[in-house]
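This is what each chain is made of:
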Amino acid sequence: MKAKLMVVGNGEAATRFLESLLSIQAKGFEITVVGKEPQPAYKRHLLTRILQGEVAMEDAVFQDSDWYKSSGIRYYSNESVLTIDTDRSQVKTDRGRKVRYDHLVIATGSSPYLLPIQGAGKKGVKTYRTLEDCRELIQTSETYKKAAVIGAGLLGLEVAMGLVHLGLETTVVHHQPNVMNRQLDRLASEMLQEALAANGLNFALSKRTREITGDSHVKGIRFSDGSMMEADLVLMSVGIRPNVELAKKAGLEVHRGIVIDDDLCTSVPNVYAIGECAEHRDVLYGTIGPIYEQAEHLARKLCDLPARYTGSMVSTHLNIRSINVFSTGQVLETEETRTFQWIDPIRHIYKKVVTLHGHVIGAILYGDTSDALRLTQLVKEFAPVNEIPSNTLFPNVSRDRHNLKLVSKKFLSSGAGQP
Ligand SMILES: Cc1cc2nc3c(=O)[nH]c(=O)nc-3n(C[C@H](O)[C@H](O)[C@H](O)COP(=O)(O)OP(=O)(O)OC[C@H]3O[C@@H](n4cnc5c(N)ncnc54)[C@H](O)[C@@H]3O)c2cc1C
(Lines give C-alpha, C1' and ligand atoms only; values in the text may rest on other atoms or scores of the structure.)
Protein backbone atom coordinates (compact mmCIF):
# COMPACT_ATOMS: atom_id res chain seq x y z
CA MET A 1 0.00 0.00 0.00
CA LYS A 2 1.19 3.53 -0.77
CA ALA A 3 2.18 5.81 2.13
CA LYS A 4 -0.12 8.80 2.59
CA LEU A 5 1.85 12.03 2.24
CA MET A 6 0.19 15.31 3.17
CA VAL A 7 1.80 18.67 2.32
CA VAL A 8 0.59 21.91 3.92
CA GLY A 9 1.38 24.92 1.74
CA ASN A 10 2.08 25.08 -1.97
CA GLY A 11 4.97 27.53 -2.22
CA GLU A 12 8.51 27.10 -3.47
CA ALA A 13 9.67 24.71 -0.72
CA ALA A 14 6.66 22.40 -1.11
CA THR A 15 6.87 22.32 -4.90
CA ARG A 16 10.59 21.73 -5.05
CA PHE A 17 10.14 18.94 -2.49
CA LEU A 18 7.41 17.27 -4.58
CA GLU A 19 9.42 17.58 -7.78
CA SER A 20 12.42 15.94 -6.09
CA LEU A 21 10.33 13.22 -4.50
CA LEU A 22 8.61 12.33 -7.77
CA SER A 23 11.93 12.26 -9.60
CA ILE A 24 13.24 9.68 -7.12
CA GLN A 25 10.12 7.60 -6.57
CA ALA A 26 7.26 8.53 -8.87
CA LYS A 27 4.68 6.11 -7.53
CA GLY A 28 5.56 5.46 -3.90
CA PHE A 29 3.17 7.93 -2.26
CA GLU A 30 -0.46 8.96 -2.24
CA ILE A 31 0.03 12.73 -2.17
CA THR A 32 -2.35 15.48 -1.04
CA VAL A 33 -1.43 19.18 -1.14
CA VAL A 34 -3.46 21.95 0.48
CA GLY A 35 -2.51 25.52 -0.42
CA LYS A 36 -4.02 28.79 0.77
CA GLU A 37 -3.35 30.71 -2.44
CA PRO A 38 -5.74 30.45 -5.41
CA GLN A 39 -3.33 29.37 -8.13
CA PRO A 40 -0.91 26.49 -8.69
CA ALA A 41 2.64 26.97 -7.44
CA TYR A 42 4.66 29.92 -8.70
CA LYS A 43 8.20 31.17 -8.23
CA ARG A 44 7.85 33.80 -5.57
CA HIS A 45 11.48 34.83 -5.97
CA LEU A 46 10.68 36.19 -9.44
CA LEU A 47 7.96 38.59 -8.25
CA THR A 48 10.22 41.64 -8.07
CA ARG A 49 11.62 40.94 -11.53
CA ILE A 50 8.04 40.88 -12.89
CA LEU A 51 7.52 44.31 -11.34
CA GLN A 52 10.72 45.52 -13.00
CA GLY A 53 9.41 44.31 -16.37
CA GLU A 54 12.22 41.75 -16.77
CA VAL A 55 10.15 38.59 -16.41
CA ALA A 56 6.64 37.88 -17.72
CA MET A 57 4.02 36.72 -15.24
CA GLU A 58 3.67 33.40 -17.11
CA ASP A 59 7.37 32.72 -16.55
CA ALA A 60 6.80 32.62 -12.80
CA VAL A 61 4.62 29.49 -13.04
CA PHE A 62 6.39 26.74 -11.07
CA GLN A 63 4.00 23.91 -12.01
CA ASP A 64 0.64 24.27 -13.74
CA SER A 65 -2.55 22.37 -12.85
CA ASP A 66 -1.84 19.63 -15.43
CA TRP A 67 1.31 18.68 -13.54
CA TYR A 68 -0.67 17.89 -10.37
CA LYS A 69 -3.09 15.73 -12.38
CA SER A 70 -0.41 13.91 -14.36
CA SER A 71 1.61 13.34 -11.17
CA GLY A 72 -1.41 11.90 -9.38
CA ILE A 73 -1.36 14.66 -6.72
CA ARG A 74 -4.64 15.67 -5.06
CA TYR A 75 -4.33 19.42 -4.94
CA TYR A 76 -6.75 21.71 -3.10
CA SER A 77 -6.12 25.40 -3.77
CA ASN A 78 -7.71 28.36 -1.99
CA GLU A 79 -7.94 26.19 1.10
CA SER A 80 -6.15 26.41 4.46
CA VAL A 81 -5.22 23.74 6.94
CA LEU A 82 -6.70 24.82 10.28
CA THR A 83 -5.60 22.06 12.63
CA ILE A 84 -3.18 19.17 12.86
CA ASP A 85 -4.11 16.30 15.16
CA THR A 86 -0.80 14.48 15.66
CA ASP A 87 -2.41 11.70 17.78
CA ARG A 88 -4.78 10.74 14.97
CA SER A 89 -2.35 11.76 12.18
CA GLN A 90 -5.04 13.88 10.59
CA VAL A 91 -5.40 17.48 9.38
CA LYS A 92 -8.58 19.52 9.03
CA THR A 93 -9.08 22.36 6.56
CA ASP A 94 -11.27 25.46 6.52
CA ARG A 95 -13.58 23.65 4.06
CA GLY A 96 -14.25 20.90 6.58
CA ARG A 97 -12.00 18.44 4.74
CA LYS A 98 -10.20 15.84 6.88
CA VAL A 99 -7.07 14.19 5.51
CA ARG A 100 -5.16 11.37 7.20
CA TYR A 101 -1.43 11.07 6.74
CA ASP A 102 1.52 8.77 7.34
CA HIS A 103 3.97 11.63 6.68
CA LEU A 104 3.11 15.31 7.07
CA VAL A 105 5.22 18.12 5.57
CA ILE A 106 4.61 21.66 6.80
CA ALA A 107 5.78 24.29 4.29
CA THR A 108 3.73 27.30 5.30
CA GLY A 109 6.36 29.97 4.55
CA SER A 110 6.30 33.43 6.14
CA SER A 111 4.20 36.57 6.26
CA PRO A 112 5.49 40.11 5.80
CA TYR A 113 5.97 42.09 8.98
CA LEU A 114 4.11 45.39 9.35
CA LEU A 115 5.69 48.08 11.54
CA PRO A 116 3.39 48.56 14.53
CA ILE A 117 3.09 52.32 14.05
CA GLN A 118 0.20 54.73 13.92
CA GLY A 119 -1.46 54.79 10.49
CA ALA A 120 -0.14 51.39 9.37
CA GLY A 121 -3.71 50.30 8.62
CA LYS A 122 -4.47 53.14 6.19
CA LYS A 123 -5.39 52.53 2.56
CA GLY A 124 -2.32 52.70 0.38
CA VAL A 125 -0.06 50.98 2.94
CA LYS A 126 0.98 47.63 1.49
CA THR A 127 3.38 44.73 1.64
CA TYR A 128 4.71 42.67 -1.25
CA ARG A 129 4.63 38.90 -0.97
CA THR A 130 2.20 37.22 -3.37
CA LEU A 131 1.34 37.06 -7.05
CA GLU A 132 -1.89 38.85 -6.11
CA ASP A 133 0.15 41.71 -4.57
CA CYS A 134 2.16 41.88 -7.80
CA ARG A 135 -0.92 41.92 -10.07
CA GLU A 136 -2.65 44.52 -7.93
CA LEU A 137 0.37 46.83 -7.86
CA ILE A 138 0.80 46.65 -11.63
CA GLN A 139 -2.91 47.23 -12.24
CA THR A 140 -3.24 50.14 -9.82
CA SER A 141 0.17 51.79 -10.31
CA GLU A 142 -1.32 54.57 -12.45
CA THR A 143 -3.46 55.71 -9.52
CA TYR A 144 -0.33 56.50 -7.46
CA LYS A 145 2.24 59.23 -7.92
CA LYS A 146 4.70 59.12 -5.05
CA ALA A 147 5.81 55.90 -3.40
CA ALA A 148 7.83 55.32 -0.25
CA VAL A 149 9.38 51.91 0.32
CA ILE A 150 10.29 51.39 3.96
CA GLY A 151 13.31 49.09 4.25
CA ALA A 152 16.50 49.00 2.17
CA GLY A 153 17.16 45.28 2.28
CA LEU A 154 17.39 43.20 -0.89
CA LEU A 155 13.62 42.94 -1.27
CA GLY A 156 12.95 46.62 -0.52
CA LEU A 157 15.44 47.79 -3.15
CA GLU A 158 14.15 45.38 -5.78
CA VAL A 159 10.52 46.37 -5.19
CA ALA A 160 11.47 50.04 -5.21
CA MET A 161 13.14 49.68 -8.61
CA GLY A 162 9.99 47.89 -9.78
CA LEU A 163 7.94 50.93 -8.75
CA VAL A 164 10.37 53.22 -10.60
CA HIS A 165 9.84 51.01 -13.65
CA LEU A 166 6.07 51.48 -13.24
CA GLY A 167 6.57 55.23 -13.41
CA LEU A 168 6.26 56.17 -9.73
CA GLU A 169 8.50 58.72 -8.09
CA THR A 170 9.97 56.38 -5.49
CA THR A 171 11.97 56.94 -2.30
CA VAL A 172 13.56 54.23 -0.19
CA VAL A 173 13.33 55.02 3.52
CA HIS A 174 15.78 53.26 5.82
CA HIS A 175 16.67 53.69 9.49
CA GLN A 176 20.37 52.94 8.81
CA PRO A 177 22.81 55.19 6.90
CA ASN A 178 23.61 52.45 4.37
CA VAL A 179 21.45 50.30 2.09
CA MET A 180 21.68 46.49 2.44
CA ASN A 181 23.71 47.15 5.57
CA ARG A 182 23.40 43.53 6.73
CA GLN A 183 24.95 42.11 3.55
CA LEU A 184 27.36 44.81 2.34
CA ASP A 185 30.16 46.95 3.73
CA ARG A 186 30.02 50.70 3.45
CA LEU A 187 31.86 50.96 0.14
CA ALA A 188 29.71 48.38 -1.68
CA SER A 189 26.60 49.91 -0.15
CA GLU A 190 27.53 53.40 -1.37
CA MET A 191 28.40 52.13 -4.84
CA LEU A 192 25.02 50.42 -4.98
CA GLN A 193 23.14 53.48 -3.76
CA GLU A 194 24.88 55.64 -6.36
CA ALA A 195 23.97 53.23 -9.16
CA LEU A 196 20.34 52.99 -8.03
CA ALA A 197 20.11 56.77 -7.76
CA ALA A 198 21.41 57.03 -11.32
CA ASN A 199 18.49 54.75 -12.29
CA GLY A 200 15.95 57.12 -10.75
CA LEU A 201 15.60 55.96 -7.14
CA ASN A 202 15.57 58.47 -4.26
CA PHE A 203 16.79 57.77 -0.74
CA ALA A 204 15.84 58.98 2.74
CA LEU A 205 18.46 57.26 4.92
CA SER A 206 18.97 57.37 8.68
CA LYS A 207 15.24 58.05 8.96
CA ARG A 208 13.07 56.21 11.46
CA THR A 209 9.39 56.10 10.49
CA ARG A 210 7.16 57.18 13.35
CA GLU A 211 3.74 57.52 11.76
CA ILE A 212 1.87 57.13 8.48
CA THR A 213 -0.13 60.31 7.98
CA GLY A 214 -3.42 60.92 6.15
CA ASP A 215 -7.13 60.38 6.77
CA SER A 216 -8.39 57.02 5.52
CA HIS A 217 -5.76 57.02 2.75
CA VAL A 218 -2.03 57.53 3.28
CA LYS A 219 -0.71 61.01 2.55
CA GLY A 220 2.83 60.67 3.81
CA ILE A 221 5.29 59.64 6.48
CA ARG A 222 6.33 61.43 9.65
CA PHE A 223 9.82 60.56 10.87
CA SER A 224 10.98 60.47 14.47
CA ASP A 225 13.20 63.54 13.86
CA GLY A 226 9.97 65.46 13.11
CA SER A 227 10.53 65.73 9.34
CA MET A 228 7.88 64.57 6.86
CA MET A 229 7.67 63.25 3.33
CA GLU A 230 4.72 62.98 0.97
CA ALA A 231 3.61 59.62 -0.42
CA ASP A 232 0.31 58.17 -1.62
CA LEU A 233 1.71 54.62 -1.61
CA VAL A 234 3.75 53.20 1.28
CA LEU A 235 5.22 49.75 0.83
CA MET A 236 6.66 48.15 3.94
CA SER A 237 9.58 45.80 3.41
CA VAL A 238 10.86 45.45 6.93
CA GLY A 239 11.15 41.70 7.37
CA ILE A 240 9.14 38.52 7.56
CA ARG A 241 7.73 36.31 10.30
CA PRO A 242 7.52 32.52 9.86
CA ASN A 243 3.97 31.11 9.73
CA VAL A 244 4.14 28.90 12.82
CA GLU A 245 0.66 29.22 14.38
CA LEU A 246 -0.59 25.93 12.95
CA ALA A 247 2.45 24.08 14.32
CA LYS A 248 2.16 25.82 17.68
CA LYS A 249 -1.50 24.83 18.02
CA ALA A 250 -0.56 21.25 17.20
CA GLY A 251 1.93 21.24 20.09
CA LEU A 252 5.10 21.10 17.97
CA GLU A 253 8.23 22.74 19.35
CA VAL A 254 8.41 26.29 18.00
CA HIS A 255 11.03 28.98 18.68
CA ARG A 256 11.11 31.70 16.03
CA GLY A 257 10.34 28.99 13.47
CA ILE A 258 9.20 25.36 13.67
CA VAL A 259 12.16 23.53 15.19
CA ILE A 260 13.56 20.77 12.96
CA ASP A 261 16.49 18.36 13.31
CA ASP A 262 19.01 17.16 10.72
CA ASP A 263 16.31 14.87 9.26
CA LEU A 264 14.07 17.95 8.74
CA CYS A 265 11.79 16.35 11.36
CA THR A 266 9.88 18.41 13.93
CA SER A 267 9.52 17.46 17.59
CA VAL A 268 6.84 14.95 16.48
CA PRO A 269 7.89 11.86 14.46
CA ASN A 270 6.66 11.77 10.83
CA VAL A 271 5.90 15.49 10.89
CA TYR A 272 8.47 17.50 8.91
CA ALA A 273 8.93 21.21 8.18
CA ILE A 274 10.86 22.91 5.37
CA GLY A 275 11.26 26.41 3.97
CA GLU A 276 10.84 29.76 5.63
CA CYS A 277 8.62 28.37 8.41
CA ALA A 278 11.38 26.02 9.65
CA GLU A 279 14.20 26.69 12.11
CA HIS A 280 17.25 24.45 11.83
CA ARG A 281 20.06 24.67 14.41
CA ASP A 282 18.71 28.10 15.45
CA VAL A 283 18.81 29.40 11.86
CA LEU A 284 15.86 30.62 9.75
CA TYR A 285 16.38 30.78 6.00
CA GLY A 286 14.72 33.27 3.65
CA THR A 287 16.22 32.61 0.23
CA ILE A 288 15.64 29.86 -2.27
CA GLY A 289 19.12 28.28 -2.20
CA PRO A 290 18.83 26.87 1.35
CA ILE A 291 15.12 26.20 0.95
CA TYR A 292 15.65 24.08 -2.15
CA GLU A 293 18.41 22.20 -0.32
CA GLN A 294 16.03 21.40 2.54
CA ALA A 295 13.36 20.28 0.06
CA GLU A 296 15.77 17.96 -1.77
CA HIS A 297 17.12 16.48 1.47
CA LEU A 298 13.62 15.73 2.72
CA ALA A 299 12.67 14.03 -0.56
CA ARG A 300 15.71 11.75 -0.25
CA LYS A 301 14.97 11.05 3.40
CA LEU A 302 11.36 10.00 2.69
CA CYS A 303 12.63 7.74 -0.11
CA ASP A 304 15.00 6.07 2.40
CA LEU A 305 18.11 7.45 0.71
CA PRO A 306 21.01 8.80 2.80
CA ALA A 307 20.16 12.40 3.67
CA ARG A 308 21.39 14.45 6.58
CA TYR A 309 20.81 18.18 6.40
CA THR A 310 23.52 20.05 8.29
CA GLY A 311 22.58 23.60 7.27
CA SER A 312 23.11 25.84 4.24
CA MET A 313 25.44 28.61 3.22
CA VAL A 314 23.52 31.85 2.74
CA SER A 315 24.42 34.13 -0.12
CA THR A 316 22.67 37.20 -1.46
CA HIS A 317 22.40 38.20 -5.10
CA LEU A 318 20.89 41.49 -6.13
CA ASN A 319 20.11 41.71 -9.83
CA ILE A 320 18.59 44.99 -10.90
CA ARG A 321 18.98 45.94 -14.52
CA SER A 322 22.74 45.85 -15.07
CA ILE A 323 23.62 46.20 -11.37
CA ASN A 324 24.99 42.93 -10.00
CA VAL A 325 25.82 42.56 -6.33
CA PHE A 326 26.71 39.43 -4.39
CA SER A 327 27.59 38.82 -0.78
CA THR A 328 28.14 35.75 1.36
CA GLY A 329 29.26 34.98 4.91
CA GLN A 330 30.89 37.53 7.18
CA VAL A 331 31.66 40.71 5.23
CA LEU A 332 32.59 43.13 8.00
CA GLU A 333 36.03 43.22 9.52
CA THR A 334 36.91 42.51 13.13
CA GLU A 335 40.29 42.78 14.84
CA GLU A 336 41.03 39.17 13.94
CA THR A 337 40.05 39.20 10.27
CA ARG A 338 42.17 40.02 7.23
CA THR A 339 40.72 41.52 4.10
CA PHE A 340 41.68 41.33 0.43
CA GLN A 341 40.13 44.06 -1.70
CA TRP A 342 40.32 45.04 -5.34
CA ILE A 343 38.67 47.95 -7.09
CA ASP A 344 38.35 48.88 -10.74
CA PRO A 345 37.14 52.49 -10.54
CA ILE A 346 36.55 52.76 -14.29
CA ARG A 347 34.24 49.79 -14.63
CA HIS A 348 32.81 50.16 -11.10
CA ILE A 349 33.92 46.75 -9.92
CA TYR A 350 34.67 46.00 -6.29
CA LYS A 351 35.73 42.67 -4.86
CA LYS A 352 36.47 41.79 -1.28
CA VAL A 353 37.31 38.56 0.50
CA VAL A 354 37.36 38.37 4.29
CA THR A 355 39.52 35.73 5.98
CA LEU A 356 40.01 34.51 9.52
CA HIS A 357 43.20 32.72 10.60
CA GLY A 358 44.02 32.01 6.94
CA HIS A 359 40.57 30.73 5.98
CA VAL A 360 37.87 32.32 3.81
CA ILE A 361 34.81 33.43 5.81
CA GLY A 362 33.04 36.00 3.64
CA ALA A 363 33.02 37.91 0.35
CA ILE A 364 31.44 40.79 -1.53
CA LEU A 365 31.39 41.15 -5.30
CA TYR A 366 30.07 44.32 -6.90
CA GLY A 367 29.83 44.77 -10.66
CA ASP A 368 31.42 41.45 -11.62
CA THR A 369 29.80 38.53 -9.82
CA SER A 370 31.24 35.77 -11.98
CA ASP A 371 33.14 34.25 -9.04
CA ALA A 372 30.08 34.12 -6.79
CA LEU A 373 29.59 30.35 -6.87
CA ARG A 374 33.24 29.61 -6.21
CA LEU A 375 33.35 32.03 -3.28
CA THR A 376 30.15 30.62 -1.78
CA GLN A 377 31.80 27.21 -1.88
CA LEU A 378 35.04 28.51 -0.32
CA VAL A 379 33.16 30.14 2.54
CA LYS A 380 31.04 27.02 3.05
CA GLU A 381 34.20 24.88 3.24
CA PHE A 382 36.12 27.41 5.41
CA ALA A 383 38.75 26.96 2.72
CA PRO A 384 42.39 28.07 3.14
CA VAL A 385 43.35 31.42 1.63
CA ASN A 386 45.52 29.83 -1.07
CA GLU A 387 42.35 28.47 -2.69
CA ILE A 388 41.09 31.97 -3.52
CA PRO A 389 41.00 32.14 -7.34
CA SER A 390 43.21 35.22 -7.32
CA ASN A 391 43.99 35.26 -11.05
CA THR A 392 40.38 35.87 -12.00
CA LEU A 393 39.17 37.48 -8.81
CA PHE A 394 41.99 39.97 -8.46
CA PRO A 395 43.40 40.42 -11.98
CA ASN A 396 46.69 42.29 -12.52
CA VAL A 397 47.61 42.02 -8.88
CA SER A 398 50.84 40.60 -7.54
CA ARG A 399 50.64 36.93 -6.60
CA ASP A 400 52.11 37.89 -3.25
CA ARG A 401 48.98 37.78 -1.15
CA HIS A 402 50.37 40.34 1.28
CA ASN A 403 50.19 42.84 -1.58
CA LEU A 404 46.67 41.95 -2.56
CA LYS A 405 45.02 44.75 -0.65
CA LEU A 406 44.67 47.34 -3.37
CA VAL A 407 42.15 50.07 -2.71
CA SER A 408 42.11 52.85 -5.25
CA LYS A 409 42.51 56.19 -3.53
CA LYS A 410 41.23 57.87 -6.67
CA PHE A 411 38.01 55.89 -6.48
CA LEU A 412 37.54 56.57 -2.80
CA SER A 413 38.05 60.27 -3.24
CA SER A 414 35.51 60.26 -6.07
CA GLY A 415 32.78 60.17 -3.46
CA ALA A 416 32.17 56.41 -3.34
CA GLY A 417 33.15 56.23 0.34
CA GLN A 418 35.52 53.94 2.21
CA PRO A 419 35.20 50.37 3.32
C1 LIG B 1 8.94 39.55 -3.58
C2 LIG B 1 9.94 38.52 -3.22
C3 LIG B 1 11.14 38.42 -3.93
C4 LIG B 1 12.08 37.46 -3.59
N5 LIG B 1 13.24 37.38 -4.30
C6 LIG B 1 14.15 36.44 -4.01
C7 LIG B 1 15.34 36.30 -4.75
O8 LIG B 1 15.60 37.07 -5.68
N9 LIG B 1 16.20 35.30 -4.41
C10 LIG B 1 15.94 34.43 -3.38
O11 LIG B 1 16.74 33.54 -3.12
N12 LIG B 1 14.81 34.54 -2.64
C13 LIG B 1 13.92 35.51 -2.93
N14 LIG B 1 12.77 35.62 -2.19
C15 LIG B 1 12.54 34.67 -1.08
C16 LIG B 1 11.95 33.34 -1.61
O17 LIG B 1 11.00 33.60 -2.58
C18 LIG B 1 11.33 32.61 -0.43
O19 LIG B 1 12.37 32.31 0.47
C20 LIG B 1 10.63 31.31 -0.82
O21 LIG B 1 9.64 31.54 -1.78
C22 LIG B 1 9.96 30.71 0.42
O23 LIG B 1 9.36 29.51 0.09
P24 LIG B 1 8.39 28.76 1.13
O25 LIG B 1 7.79 27.61 0.38
O26 LIG B 1 9.10 28.50 2.39
O27 LIG B 1 7.28 29.83 1.46
P28 LIG B 1 6.14 30.41 0.51
O29 LIG B 1 6.62 30.48 -0.88
O30 LIG B 1 5.63 31.62 1.19
O31 LIG B 1 4.99 29.30 0.53
C32 LIG B 1 4.19 29.03 1.64
C33 LIG B 1 2.79 28.81 1.14
O34 LIG B 1 2.03 28.19 2.18
C35 LIG B 1 0.74 28.78 2.21
N36 LIG B 1 0.16 28.56 3.53
C37 LIG B 1 0.46 29.18 4.70
N38 LIG B 1 -0.28 28.69 5.72
C39 LIG B 1 -1.08 27.74 5.17
C40 LIG B 1 -2.07 26.88 5.71
N41 LIG B 1 -2.40 26.88 7.01
N42 LIG B 1 -2.72 26.05 4.86
C43 LIG B 1 -2.41 26.01 3.54
N44 LIG B 1 -1.48 26.80 2.97
C45 LIG B 1 -0.80 27.65 3.79
C46 LIG B 1 1.02 30.24 1.89
O47 LIG B 1 -0.17 30.89 1.47
C48 LIG B 1 2.06 30.09 0.78
O49 LIG B 1 1.45 29.96 -0.47
C50 LIG B 1 11.82 36.59 -2.49
C51 LIG B 1 10.64 36.70 -1.76
C52 LIG B 1 9.71 37.65 -2.11
C53 LIG B 1 8.45 37.76 -1.31
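Please read all numbers here as calculations on a predicted model, not as lab measurements.

How each quantity is defined
- Residues numbered from 1 in each chain as written.
- Predicted model: local features only at pLDDT ≥ 70, side-chain atom pairs only at ≥ 80, totals over all residues.
- Heavy atoms only, no water.
- Helix = DSSP H or I, 4+ residues; strand = E, 2+ residues; numbered from the N terminus.
- Polar contact = N/O pair within 3.5 Å; in protein donor to acceptor, adjacent residues only side chain to side chain.
- Core = buried A, V, L, I, M, F, W, Y, C linked by side-chain atoms within 4.5 Å.
- Buried < 20%, exposed > 50% of the residue type's maximum accessible area, 1.4 Å probe, protein only.
- Contact = heavy atoms within 4.5 Å.
- Pairing = 2+ DSSP bridges.
- Axes fitted to C-alpha atoms, helices over the stretch in contact; angles between N-to-C directions.
- pLDDT = per-residue confidence, 0-100.
- Right-handed = clockwise from strand over helix to strand, strands pointing away.

Brief notes about the side chain of Arg129
Secondary-structure assignment places Arg129 in the loop between strand E9 (125-126) and helix H4 (131-140). Separated by 3.5 Å, the side chain of Arg129 and the backbone oxygen of Ser110 make a polar contact. Among the polar contacts listed, one links the side chain of Arg129 to the side chain of Glu276, at a separation of 2.8 Å.

Section: the nonpolar core
A general feature of soluble globular proteins is that nonpolar side chains tend to end up buried together. Formed by 55 residues in total, the largest nonpolar core has its most connected members in Phe17 and Ile106. Beyond its immediate chain neighbours, meaning those up to four positions away, Ile106 contacts Val8, Ile84, Ala247, Leu252, Ile258, Val271, Tyr272, Ala273, Ile274 and Cys277. If you look at the next biggest cluster of nonpolar residues, it comprises 46 residues, including Ala147, Val179, Met180 and Ala195.

Some details on the environment of Tyr76
Looking at where Tyr76 falls in the secondary structure, it is placed in strand E3 (residues 74-76). Classification of Tyr76 by relative accessible area gives partly exposed; the value is 22%. Considering only alpha carbons, one finds Tyr76 and Thr32, 44 residues apart in sequence, at a separation of 7.9 Å. Not counting residues up to four positions away in its chain, the partners in contact with Tyr76 are Thr32, Val33, Val34, Gly35 and Arg97.

As for the sheet that holds strand E13 (residues 209-214)
Judged by pairing direction, the sheet is antiparallel, and its three strands sit side by side in the order E13-E14-E15 without closing on themselves. A single partner strand is all that each edge strand has here, and the edge strands are E13 and strand E15 (228-230). Pairwise comparison of adjacent strand axes, ignoring direction, gives a mean angle of 25 degrees for this sheet. In this structure, strand E14 (residues 218-223) lies alongside E15, joined through three bridges in antiparallel fashion. Across the sheet, the residue bridging to Ile221 is Met229, located in E15.

Let's talk about the side chain of Asp185
Here Asp185 shows up in the loop between strand E11 (169-173) and helix H6 (186-198). Side chain to side chain, Asp185 and Lys352 meet in a polar contact 2.9 Å long.

Some words on the confidence of the model for the protein chain
Considering every residue of the protein chain, the mean pLDDT works out to 92; 94% of them sit at 70 or more. The low-confidence segment residues 398-419 (pLDDT under 50) makes 51 contacts with residues lying over four places distant or belonging to another chain. For this predicted complex, the interface confidence reaches an ipTM of 0.99, while the overall pTM sits at 0.92.

A short note on the pairing of strand E2 (residues 29-34)
Within a regular beta strand, the side chains point alternately toward one face of the sheet and then the other, so they alternate between its two faces. Among the six residues in E2, five count as buried, and that is most of the element. Of the strand pairs in this sheet, strand E1 (residues 3-8) and E2 are connected by six bridges, and their pairing is parallel. In the strand pairing of E2, Leu5 is matched with Ile31. Crossover handedness for the path E1 to helix H1 (residues 12-24) to E2: right-handed. Here E2 pairs with E3 via three bridges, running parallel. The partner of Thr32 across the bridge, within E3, is Arg74.

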